[in-house]
Amino acid sequence: MSLASATPDQKLRERAQRVIPGGMYGHLHAARLPAGYPQFFERAEGCHLWDVNGRRYVDFMCSWGPIVVGHKNPVVTEAVERQMAAGDCLNGPSERLVELAERLVGLIPHADWALFGKNGTDATTTCLTLARAASGKRKILVAEGAYHGAIPWCAPGTMGVTSEDRAHLLTFKYNDVASLETAVQRAGDDLAGIVVSAFRHDYGKDQELPDVAFARRARELCDANDAALIVDDVRAGFRLTLRGSWDLVGVQPDLSAWSKAIANGYALAAVTGNERYRDAASKLFVTGSFWCSAVSMAAALATLDVLESTDGPRRMRDMGQRLRDGIAAQAASFGIGVRQSGPPQMPALLFDDDPTYKKGERFTLEALKHGVYLHPRHNMFLSTAHTEADIDFALEATKAGFAVLASR
Ligand SMILES: Cc1ncc(COP(=O)(O)O)c(C=O)c1O
């Protein structure tokens, strides 16, 4: 390709190749998507996003979760600008810290206190440390294939990870009571905690909501063993309900990890906990240079205002269901087998007989050409900015995707 004919995205990729390892890193690397997806973006508004080539998409990834009330939501932007004018990174926290903790304690049934970090991994890791600190025990149970962050104890790969980093982790199968009980037995009298995702949302797999019997058994096992039940609500938190995702199955955790949607794209994470863990949480040295920054807390307060006043989780569910119903009808009319799983607010779409995801990739690439940004393997995300018209526009694109699959 001659540089003169290269698109802005291609030019940026070339420049990045020289100064960014591998040209990009992590889950946002466009190499993880079919060729044709953009790497670089220019701007976003509501549920729309523009790449650097000037193409507009209806966005069903929402920045992989953080955008929950729409890009550049005016209520959030106003709160951010007001706080920015007053100050962000100060010698100590602002009043927003207390306001936000009060708000979470008021909203989330299990929460008696809250503390804050920046990324989901800060929150999940702090939960583990608290479970160990409070109990003096070491073993933590995690579900096979679950994602809790990208540092040595939990990264999906093992590159640069020592066996010692994971020495006290034991695994079980999500929603499988027998395997959970076996893992608890293996931990013996050293069980500090059990970590569960809000629901099973492993990469490239059909999603599974938590079984009530599994959730209740996890609670009982923690109670019987003086261990912490930890819900990792980083991905699902504030999309399904504002009360914590396991509230939907009637089980309250001891500790929850939050991030992503909490501040509509501003960097913030939270840990909430009950009285049992307050003492450990008050003694543990948890901190980071930016963990008390006021702007993202102001953004979180405004985000929660919008979610509450618009009944955000229900609106996202309704729009997600409209998308799901439309796709199901199209799949049936084309005679193509699809599997749609997970809550409608966080839909996953996989194709039958598609072990290498090639069908899914052809489908989403066609949708992309029609101005709709879907993901061929990962769960997607709705926001409160998606309207009926946006969903109907998306369904035109998915129809084109099915037509391409049917033509081969
Ligand atoms: C369930 C879950 N836990 C933890 C994390 C880690 O969050 P972060 O990438 O903000 O550190 C993620 C990120 O995708 C996640 O989905």
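Residues numbered from 1 in each chain as written. Predicted model: local features only at pLDDT ≥ 70, side-chain atom pairs only at ≥ 80, totals over all residues. Heavy atoms only, no water.

### Considering the site of the ligand
Piece 1. Around the ligand sit Asn119, Gly120, Thr121, Tyr147, His148, Gly149, His201, Asp232, Val234, Arg235 and Lys260, and those are all the residues in its vicinity.
Piece 2. One of the backbone nitrogen or oxygen atoms of tyrosine 147 is found 3.4 Å away from a nitrogen atom of the ligand.
Piece 3. Side-chain polar atom of aspartate 232 to a nitrogen atom of the ligand: 2.6 Å apart, as the coordinates give it.
Piece 4. Surface burial for the ligand is 86%, taken as the share of its 390 Å² of free accessible area covered by protein chains.
Piece 5. Here the shell around the ligand is composed, by residue class, of two nonpolar, six polar and three charged. (Near = heavy atom within 4 Å. Polar contact = N/O pair within 3.5 Å; in protein donor to acceptor, adjacent residues only side chain to side chain. Areas by Shrake-Rupley, 256 points an atom, 1.4 Å probe, with all protein chains shown as cover. Nonpolar A, V, L, I, M, F, W, Y, C, P; charged D, E, K, R; others polar.)

### A few points about the sheet that holds strand E1 (residues 41–45)
Piece 1. Pairing is mixed across the open sheet formed by four strands, whose spatial order is E1-E2-E3-E13. The open sheet has two edge strands, E1 and strand E13 (372–373), and neither has a second partner.
Piece 2. Direction of pairing for strand E3 (residues 56–59) relative to E13: parallel, over a ladder of two bridges. The partner of valine 58 across the bridge, within E13, is valine 372. (Pairing = 2+ DSSP bridges. Helix = DSSP H or I, 4+ residues; strand = E, 2+ residues; numbered from the N terminus.)

### Concerning the pattern of salt bridges
Piece 1. With the rule as written, the count across this model stands at 28 salt bridges.
Piece 2. Linking aspartate 247 and arginine 243 is a salt bridge whose minimum nitrogen-to-oxygen distance equals 2.6 Å. (Salt bridge = Lys/Arg side-chain N within 4 Å of Asp/Glu carboxyl O.)

### Description of the pairing of strand E11 (residues 338–341)
Piece 1. Two strands pair when backbone bridges link them, and E11 and strand E12 (residues 348–351) are joined in this way by four bridges, in the antiparallel orientation. Pairing of arginine 339 across the sheet is with leucine 350, part of E12.
Piece 2. Connecting E11 to the antiparallel partner E12 that follows it, the hairpin turn spans six residues, and glycine 342 within it adopts a positive phi of roughly 85°.

### Focus on the nonpolar core
Piece 1. Ranked by internal contacts, the top residues of the largest apolar core, which has 95 residues, are Phe60, Leu104, Leu141, Ile194 and Trp246.
Piece 2. A per-element tally of this core places helix H8 (residues 294–309) first, with nine residues. (Core = buried A, V, L, I, M, F, W, Y, C linked by side-chain atoms within 4.5 Å. Buried < 20%, exposed > 50% of the residue type's maximum accessible area, 1.4 Å probe, protein only.)

### Looking at the side chain of aspartate 233
Piece 1. On the secondary structure map, aspartate 233 appears in the loop between strand E8 (228–232) and strand E9 (255–258).
Piece 2. One buried charged residue, aspartate 233, forms no salt bridge at all, with the nearest opposite charge on arginine 235 at 9.6 Å.
Piece 3. Ignoring sequence-local partners within four residues, the contact set of aspartate 233 consists of Ala198, Gly244, Ser245, Ala257 and Trp258. (Lys, Arg positive; Asp, Glu negative; His and termini not counted. Contact = heavy atoms within 4.5 Å.)

### Notes on the sheet that holds strand E5 (residues 139–143)
Piece 1. Strand order in the open sheet made by the seven strands is E4-E10-E9-E8-E7-E5-E6, with mixed pairing throughout. This sheet does not close on itself; its edge strands, each paired only once, are strand E4 (113–117) and strand E6 (169–172). Taken pair by pair, the neighbouring strands of this sheet meet at an average axis angle of 20°, ignoring direction.
Piece 2. Of the strand pairs in this sheet, strand E7 (residues 191–197) and E8 are connected by five bridges, and their pairing is parallel. Within E8, the position partnered with serine 197 by the bridge is aspartate 232. (Axes fitted to C-alpha atoms, helices over the stretch in contact; angles between N-to-C directions.)

### Details of unusual backbone geometry
Piece 1. In this structure, asparagine 264 is a non-glycine residue whose phi angle is positive, near 50°.
Piece 2. Located in the positive-phi region is aspartate 353, a residue other than glycine, with phi close to 50°.
Piece 3. Positionally, aspartate 353 belongs in the loop between E12 and helix H10 (358–369).
Piece 4. Residue classification places aspartate 353 among the exposed residues on the basis of a relative accessible area of 69%.

### Quick notes on the environment of alanine 101
Piece 1. With respect to the helices and strands, the residue alanine 101 is situated in helix H3 (residues 95–107).
Piece 2. By relative accessible area, which is 17% here, alanine 101 ends up buried.
Piece 3. As a C-alpha pair, alanine 101 and alanine 111 span 10 residues in sequence and 9.4 Å in three-dimensional space.
Piece 4. Here alanine 101 is in contact with Ala114 and Phe116, once residues within four sequence places are set aside.

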